[in-house]
Amino acid sequence: MKKDVMKQALALMPGQLKEEIKINLENPKSYTRLFVKIIQKIDGMKTINLELTKLKNSILKINKETHSKITDEIKRSVPKIQSTIISVKDIEYWLQTAKKGDSLIYYTGGTAFDKRSVKEESVFKKIRNLAMDYDDIPKKGKKYQYRGSVKGEWGCTYKDNITLVQKRVTKEQRDKIWDEDKKEYVPGNIISYPIYNYIMIKQ
């Protein structure tokens, strides 16, 4: 179908673009680039006859089918990583046996602001208490290394026993949508959010 549409374009396009289509007629890899040029050429014409309208519609149909195929391929390639977390007992055992510089991945999943299960909350609370002196509401007269206002006021001072690290495992995945103004595919809807490893390192 793509080649048939390109043959129609060869018959209808003028000048240099016509020569470019002729040279690349047997090169399917060039079709996407040429289709963009053809649509731009048609859109720039003062008058458009029925044959040119049919040609443009055929190209837009191909672009839509290609977009759907790309989206399906992206969805198939997205890693099926589920959130995983260790237990509080695992953390306590690791603290007793780990040496300086040893690391432990205690959680794999979304960002810290995702809704957590009861088990996840207990583990994150355990890690937080190990790593820092933390108060949900800053106490008067108490000095803190850091203060913030994410979901309310808070204050904390880090201890020197463990270091917390967040490392991205997979990037955000998006599908692609056709931008009529730019005449190209651009990032569209989010298919999956980034996945991170939450790591603690013994000091």
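In case you missed it, the structure is sitting above this.
No experiment lies behind these values; they were computed from the predicted model shown. (Residues numbered from 1 in each chain as written. Predicted model: local features only at pLDDT ≥ 70, side-chain atom pairs only at ≥ 80, totals over all residues. Heavy atoms only, no water.)

**Student:** I would appreciate a short explanation of the overall build of the protein in the present structure.
**Tutor:** Each helix and strand counted, the protein has 6 helices and 9 strands in total. Burial analysis of the protein (203 residues in total) assigns 33% to the buried set. Within the structure as shown, the protein displays about 13700 Å² of accessible surface, and the carbon and sulfur contribution to it stands at 51%. (Helix = DSSP H or I, 4+ residues; strand = E, 2+ residues; numbered from the N terminus. Buried < 20%, exposed > 50% of the residue type's maximum accessible area, 1.4 Å probe, protein only. Areas by Shrake-Rupley, 256 points an atom, 1.4 Å probe, with all protein chains shown as cover.)

**Student:** Whenever I open this one, the pattern of salt bridges confuses me. Can you help?
**Tutor:** Side chains that carry opposite charge are capable of pairing whenever their charged atoms lie near each other. Applying the stated rule across the entire model yields 6 salt bridges. The residue glutamate 20 makes a salt bridge to lysine 37 at a minimum N-O spacing of 3.0 Å. Residue glutamate 20 is found in helix H2 (residues 15-23), and its partner lysine 37 is found in helix H3 (residues 31-43); the two are separated by 17 residues along the sequence. A salt bridge links glutamate 92 to lysine 126; its shortest N-O distance comes to 3.4 Å. Of this pair, glutamate 92 sits in helix H5 (residues 88-97) while lysine 126 sits in helix H6 (residues 118-131), placing them 34 residues apart in sequence. For lysine 126, a relative accessible area of 23% translates into the label partly exposed. Within this structure, Glu20, Arg33 and Lys37 form a network of salt bridges that share partners. (Salt bridge = Lys/Arg side-chain N within 4 Å of Asp/Glu carboxyl O.)

**Student:** In this structure, what is going on with the sheet that holds strand S4 (residues 146-148)? I would like to understand it.
**Tutor:** Each strand in a sheet pairs with its neighbour through backbone hydrogen bonds, running either in the same direction (parallel) or in the opposite one (antiparallel). Reading across the sheet, the 3 strands line up as S3-S5-S4 and stay open at both edges, with antiparallel pairing between neighbours. Each end of this open sheet is capped by a strand with a single partner; those strands are strand S3 (132-135) and S4. For this sheet, the mean inter-axis angle between neighbouring strands, taken without regard to orientation, is 15°. Together, S3 and strand S5 (154-158) form the strand contacts of H6, whose direction differs from that of S3 by roughly 115°. (Pairing = 2+ DSSP bridges. Axes fitted to C-alpha atoms, helices over the stretch in contact; angles between N-to-C directions. Contact = heavy atoms within 4.5 Å.)

**Student:** In this structure, what is going on with the packing of aromatic side chains? I would like to understand it.
**Tutor:** Each aromatic ring pair is described using two quantities: the centre-to-centre distance and the angle formed by the ring planes. All chains considered together, the criterion is met by 6 aromatic pairs. Aromatic pair tyrosine 106 and phenylalanine 124: ring centres 5.8 Å apart, planes at 75°, arrangement edge-to-face. Taken together, the residues tyrosine 106 in strand S2 (residues 103-109) and phenylalanine 124 in helix H6 connect sequence positions 18 residues apart. Overall, the relative accessible area of 12% leaves phenylalanine 124 in the buried class. With a centroid separation of 5.6 Å and an interplanar angle of 75°, the aromatic rings of phenylalanine 124 and tyrosine 198 are classed as edge-to-face. Of this pair, phenylalanine 124 sits in helix H6 while tyrosine 198 is found in strand S9 (residues 195-202), placing the two residues 74 residues apart along the sequence. Of the two residues examined, phenylalanine 124 and tyrosine 198, each falls in the buried class. What links up through ring pairs into an aromatic cluster is the set Tyr106, Tyr107, Phe124 and Tyr198. (Phe/Tyr/Trp six-rings, centres within 6.5 Å; stacked < 30°, edge-to-face > 60°.)

**Student:** For this particular structure, what's the right way to read the pairing of strand S8 (residues 184-192)?
**Tutor:** Two faces, one strand: in a regular strand the side chains alternate between the faces of the sheet. Strand direction decides the pairing type here: strand S7 (residues 173-179) and S8, joined by 6 bridges, are antiparallel. Bridging across to S8, glutamine 173 finds its partner in serine 192. If you look at the hairpin formed by S7 and S8, you'll find 4 residues sitting between the two strands, and lysine 183 has a positive phi there, around 60°.

**Student:** What should I look at first to understand the nonpolar core in this one?
**Tutor:** Generally speaking, soluble globular proteins have nonpolar side chains that are buried together. Residues Met6, Met13, Ile21, Phe35, Ile38, Leu55 and Ile59 are the most contacted members of the largest nonpolar core, which totals 18 residues. Sorting the residues of this core by element identifies helix H1 (2-12), H2, H3 and helix H4 (50-77) as the ones contributing at least two each. The greatest single-element share of this core, amounting to 6 residues, is contributed by H3. Discounting residues that sit within four places of it in the chain, phenylalanine 35 has contacts with Lys2, Val5, Met6, Ile59, Ile62 and Asn63. Core analysis: the second largest hydrophobic core is formed by 17 residues, Ile85, Trp94, Phe124 and Ala131 among them. (Core = buried A, V, L, I, M, F, W, Y, C linked by side-chain atoms within 4.5 Å.)

What is shown is where atoms sit, not what they do.
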